[in-house]
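The residues making up each chain are set out below.
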Amino acid sequence: MGQDTYDIIIAGGGTCGCIIAGRLAAAEPSLRVLVLEAGPPTRDDPLHVQPARYLYHLRPESTTVRFHVGKESAALAGRAPIIPVGQCVGGGSSVNFAMYTRAAASDYDDWAKVYGNKGWSTRDLLPLLRKARLRHTLRRCESYQLEQGQPTHGYSGPLKVSHGGFSTQFGKEFLDVAAQYDKTRTKTDDVNGLFECDKYGYRSSRELRWIDAETGKRSDIPHHYIYNRELPNLHIVPDHHVKKVLFEGKRAVGVQYVASTRSATDAKGEVRTAMARRMIIISAGAFGSPALLERSGIGSKDVLDRVGVEQVIELPGVGENYQDHQVIFPSYLTTEAADTLDGIVTNNEAEIAKWTKEWQETGKGLLADNGLDAGVKLRPNKDELAQIGETFRKRWEEYYVPASDKPVLWIGTLSLFAGDRSQIPVDKAFNIGWYIQHPVSVGHAHITSAEDAQAPLDFHPGYLDAPEELALHMWGYKRSREFARRLPSYRGEVANHPKFAPTSKAAIGARSEPVPISAPDIDYSAEDDRALEAYIRQAVGTAWHSMGTCAMKKREEGGVVDSRLNVYGAEGLKVTDISICPANVGANTYSTAIVIGEKAATIIAEELGIKLTDN
C-alpha cells in the first residue's frame, strides 16, 4: 500500500472501532476511513457467527485472540495469570460468550459525578441503547426480541437480543431451586433494567443473549455495522499491527503499521505509513491502546525510558488502572441425558453435524446457545454479610450501601465442563460459577519493547491483591455450591474443587445424587476455610473483561482522556474503547463497549459536522 492518506484512521477493528467506522462511513460517503486490525477477518465464518463456538477461540493455538501473561503473583500462589482478549475483526464481539447483561445505572452515574465526565451518566447514555432522539438525530443499536414496551430497551436496532435458540435444563432448575431455597429475594420481570438487582427473573428461565432469535446468529458488530452494507469509503486492513502514531509537534498526523506474524501468511516486516487529514482514533482495547500510546511517546517517562522511547507527552496514567472481573467456575457432574455444550466444545463430529443441520434449517438448537442459562446479581443480606466477614464491611458500607442498584456478585450456570480436559477427563458437566462485580484491586499493563507491537507486556492484573476479594470468593463458592447440589441434574463434583480433608463435613464430592431443598447448608470448619482459600488462589482467573488502562479521568488524577475522548496534551488523537472506563461496571462488558462505541461515534460526528444516520 505504501503511504496513503485518509480522513480518519482507526487503530483497532474491535467492537468500538467497528461501530465508529460503520457509523461514520455510512453517514458521510465522502469520508475516507481506514481501519487497521491486528487479527483476521470474520465475515460469514461459522466459528464466529455460531454463538456456541466461542470456546474454540480460547485454544492455545488460536489466532483470533491474544493471550497476555501476567506476572507471577504471591496472591495467586505464585501463578502467572493468562488473560485472553479478542484479536480479530469485531474483537470481543466476535468471540465473546454473547451474554447480555448491563451495568447498574449508578456505575455510569459514577463516571459522570465521581470522575467529572459530563455527558456520561446513565441518563445521557440510555438513549444510545433504545430508540430516542439525540440532538434531532434518531439513533438506536439494540433490538430487544422479548417483551415489548420495556422502558430501558430498544426495539429497532441492528443488534438482536433474545433467549437464543435453545436452553438446557440447568437454567430452569437453577431458578426452580432459587424459588424454594432462597426466599429472602424477590423476582423481577427484567434483570437488565439498569436500576435494580438482587432479584431473580421470572418471565423467563433463561439468561438473555446477544443472539438473533430468528437466525440463531451472534449479534456481533462487524456483521451488523459493516459487512451487511456497501461502504466503498471504508477500508479495513486485517492482520496488521499499528506500531506507532506519528506526530507533527503535538498533533497526530499518521501511523506506522506492519503485518502480524501470528495471523498474516505474508508477513515480511515491511513498515508502512498512512496519513490522516482529520483525526486518528485508537481503539485497540485495554492492552493495545495504552501500548500504542507508549510506543508513540505518550506515557510515564520512567516507562518510556526503560524501553528507549522518546517522550512526546508526559501522561503517567497510561497503562495504569487495569481492571477486570475475577471469575471461578467449579464443575459438577450431570446425567448422560443432560444437554450440554461439551460435544460442541470437544468437536464431536456427530454432535457438530446434528446441531449444524438444525441451526442451518431453523436457527435453533445448541449452536444458537451459549450455555449460560440462568444467573442472579447478588447483594448480601445481613446474615450473608456476617458470613462474608469484617474484611468486606468497610467496602460494603462506603461503596455499596449508597448505591442499592450495585450488585456484589454474579452467580449463574454454565452448561459445559470449564476445566482442563487433559487433566480431568469429563464427558458431560455443568458449572455454577461466580464473578466479583466491582473488584477493589487494580493493576497495570506497559510495553517492554519500543518497536515490537507483538512483544509481551509488563502486566499485572492485581487479582486478590485486596483482601476483600478473597472474602467474596469464599462466599461465592459456598453459596454457588449449595445451589449446585440441589439441582435435579446434579450427580456429584468434578475433581476441580478444594481439597477438603476426607473426614470433613465439606468433603461431599463423592455424592452422586442431589440433596433435598430443605437440606442444611454445609458446615465449614477453620481447616475447610484454609483449604478453600488455597483453592481460590489456584483457581481464580479472568472473566475476559479487561478495562481501564486509558482512563477517562482528570489528568491530575491519572486520567488519559477527557470526556470528549481526547488524549491529554495531544491534538487530533482520541481513545475510544473499553480502556477509557474510569471504574468498573457490574456486568459483562460487551454492553458497555457498545455504549462507548456509539457515544464516541456521536462525539466524533459532532466534531466533524456529520449527521449520523439511524442503523
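All values reported here derive from a predicted model rather than from experimental measurement.

Rules behind the numbers
- Residues numbered from 1 in each chain as written.
- Predicted model: local features only at pLDDT ≥ 70, side-chain atom pairs only at ≥ 80, totals over all residues.
- Heavy atoms only, no water.
- Helix = DSSP H or I, 4+ residues; strand = E, 2+ residues; numbered from the N terminus.
- Rg over C-alpha atoms; globule rule 2.2 N^0.38 Å.
- Buried < 20%, exposed > 50% of the residue type's maximum accessible area, 1.4 Å probe, protein only.
- Areas by Shrake-Rupley, 256 points an atom, 1.4 Å probe, with all protein chains shown as cover.
- Lys, Arg positive; Asp, Glu negative; His and termini not counted.
- Charge placed at Lys NZ, Arg CZ, Asp CG, Glu CD.
- Core = buried A, V, L, I, M, F, W, Y, C linked by side-chain atoms within 4.5 Å.
- Contact = heavy atoms within 4.5 Å.
- Axes fitted to C-alpha atoms, helices over the stretch in contact; angles between N-to-C directions.
- Parallel < 35°, antiparallel > 145°, perpendicular 65-115°, else oblique.
- Nonpolar A, V, L, I, M, F, W, Y, C, P; charged D, E, K, R; others polar.
- Disulfide = S-S within 2.5 Å.
- Polar contact = N/O pair within 3.5 Å; in protein donor to acceptor, adjacent residues only side chain to side chain.
- Right-handed = clockwise from strand over helix to strand, strands pointing away.
- Pairing = 2+ DSSP bridges.
- Phe/Tyr/Trp six-rings, centres within 6.5 Å; stacked < 30°, edge-to-face > 60°.
- Lys NZ or Arg CZ within 6 Å of the ring centre and 35° of its normal.
- Salt bridge = Lys/Arg side-chain N within 4 Å of Asp/Glu carboxyl O.

> When you look at the overall build of the protein chain in this model, what are you seeing that I'm missing?
In terms of helices and strands, the protein chain carries 15 helices and 25 strands. Scaling as 2.2 N^0.38, a compact globule of 615 residues should have a C-alpha radius of gyration of about 25 Å, and the protein chain matches this with 24 Å. With the C-alpha coordinates of the protein chain rotated into their principal frame, the extents come out at 70 × 55 × 45 Å. For the protein chain, the proportion of its 615 residues judged to be buried stands at 63%. For the protein chain, the accessible area works out to roughly 22900 Å², and carbon and sulfur atoms hold 49% of it. Of the charged side chains in the protein chain, 72 are positive and 78 negative; the average position of the first set lies 4 Å away from that of the second.

> So what exactly am I meant to see when it comes to the nonpolar core here?
Grouped together as the largest cluster of nonpolar side chains are 91 residues, with contacts concentrated most on Leu293 and Leu573. Top element by residues in this core is helix 15 (residues 590-608). It accounts for 11 residues. With near-sequence residues (within four places) excluded, Leu573 lies in contact with Val245, Phe247, Ala252, Ile280, Ile282, Leu293, Ile298, Leu565, Asn566 and Val567. Listed in part, the 61 residues of the second largest apolar core include Leu385, Phe430, Ala471 and Leu487.

> Could you clarify how one ought to interpret the packing of helix 5 (residues 169-181) against helix 13 (residues 467-484) in this entry?
Taken N-terminus to C-terminus, the directions of helix 5 and helix 13 make an angle of 105°; their axes are 10 Å apart at the nearest point. Between helix 5 and helix 13, the crossing angle belongs to the class labelled roughly perpendicular. Side by side, helix 5 and helix 13 meet where Phe174, Val177, Ala178 and Tyr181 of the first sit next to Arg479, Glu482 and Phe483 of the second. Split by residue class, the contact of helix 5 with helix 13 holds five nonpolar, no polar and two charged.

> Before we go on, may I ask you to explain the state of the cysteines in this structure?
Disulfides are covalent bonds that link the sulfur atoms of two cysteine residues. Enumeration over the complete set of coordinates arrives at zero disulfides. Free of any disulfide, Cys16 has its nearest cysteine sulfur in Cys581, 8.5 Å distant. Considering cysteine sulfurs only, Cys581 is the nearest to Cys550, which forms no disulfide, with 11 Å between them. Classification of Cys550 by relative accessible area gives buried; the value is 0%.

> Help me out: how do you make sense of the side chain of His545 in this one?
Structurally, His545 is set in the loop between strand 24 (541-542) and strand 25 (573-575). Classification of His545 as buried rests on a relative accessible area of 6%. A distance of 2.7 Å separates polar atoms of two side chains, one belonging to His545 and the other to His325. The residues contacting His545, other than those within four sequence positions of it, are Gln323, Asp324, His325, Tyr435, Ala587, Asn588 and Thr589.

> Help me understand the environment of Leu608 in this model?
Following the sequence through the fold, Leu608 ends up in helix 15. Accessibility expressed as a relative area gives 12% for Leu608, which makes it buried. Between the alpha carbons of Leu608 and Ile594 there is a distance of 21 Å; along the sequence they are 14 residues apart. Among residues more than four places away in sequence, those in contact with Leu608 are Ile8, Leu31, Arg278 and Met279.

> How should the pairing of strand 2 (residues 33-36) be read in this particular structure?
Regular strands place side chains that alternate from one sheet face to the opposite one. Burial of the side chains of strand 2 extends over both faces: Val33 and Val35 are buried on one face and Leu34 and Leu36 on the other. Viewed along the sheet, the connection from strand 1 (residues 3-11) through helix 1 (residues 15-27) into strand 2 turns out right-handed. As defined by bridge partners, strand 2 adjoins strand 11 (residues 234-237) across four bridges and the pair is classed as parallel. When the sheet's bridge partners are listed, Leu36 is paired in strand 11 with Val237.

> How do you make sense of the packing of aromatic side chains when you look at a structure like this?
Centre distance and the angle of the planes are the two values used to describe a pair of aromatic rings. Counted according to the given criterion, the structure contains 24 aromatic pairs. Each ring, one from Trp111 and one from Trp120, has its centre 6.2 Å from the other, and the planes form 45°; the classification is tilted. Per residue, the accessibility class of Trp111 equals that of Trp120, and both read buried. Each ring, one from Tyr322 and one from Phe459, has its centre 5.0 Å from the other, and the planes form 75°; the classification is edge-to-face. On the criterion of sequence distance, the pair formed by Tyr322 in the loop between strand 16 (313-314) and strand 17 (326-328) and Phe459 in strand 23 (residues 458-460) is long-range, its members being 137 residues apart. A relative accessible area of 1% means that Phe459 is categorised as buried. Following the ring pairs from residue to residue traces out a cluster consisting of Phe170, Tyr332, Phe430 and Tyr490. One Lys or Arg, Arg395, reaches over the ring of Tyr399 and ends 3.9 Å from the middle of that ring.

> Would you mind showing me how to read the pairing of strand 19 (residues 375-378) here?
The side-chain alternation of strand 19 yields two buried faces, one formed by Gly375 and Lys377 and the other by Val376 and Leu378. As judged from the four bridges shared by strand 19 and strand 20 (residues 409-414), these two strands associate in the antiparallel manner. What sits directly across from Val376, in strand 20, is Ile411.

> Any chance you could explain the pattern of salt bridges here in plain terms?
Opposite charge on two side chains lets them pair, provided their charged atoms get close. In the structure shown here, the tally under the stated rule is 33 salt bridges. Salt-bridge contacts for Glu598 lead to Arg23; the nearest nitrogen and oxygen are separated by 2.8 Å. Linking Glu598 in helix 15 with Arg23 in helix 1, this pair joins segments that are 575 residues apart in sequence. Both residues of the pair, Glu598 and Arg23, count as buried. A salt bridge links Arg486 to Glu482; the shortest N-O distance between them is 2.6 Å. A single salt-bridge network, built from bridges that share partners, covers Asp182, Arg185, Asp198, Glu384 and Arg479.

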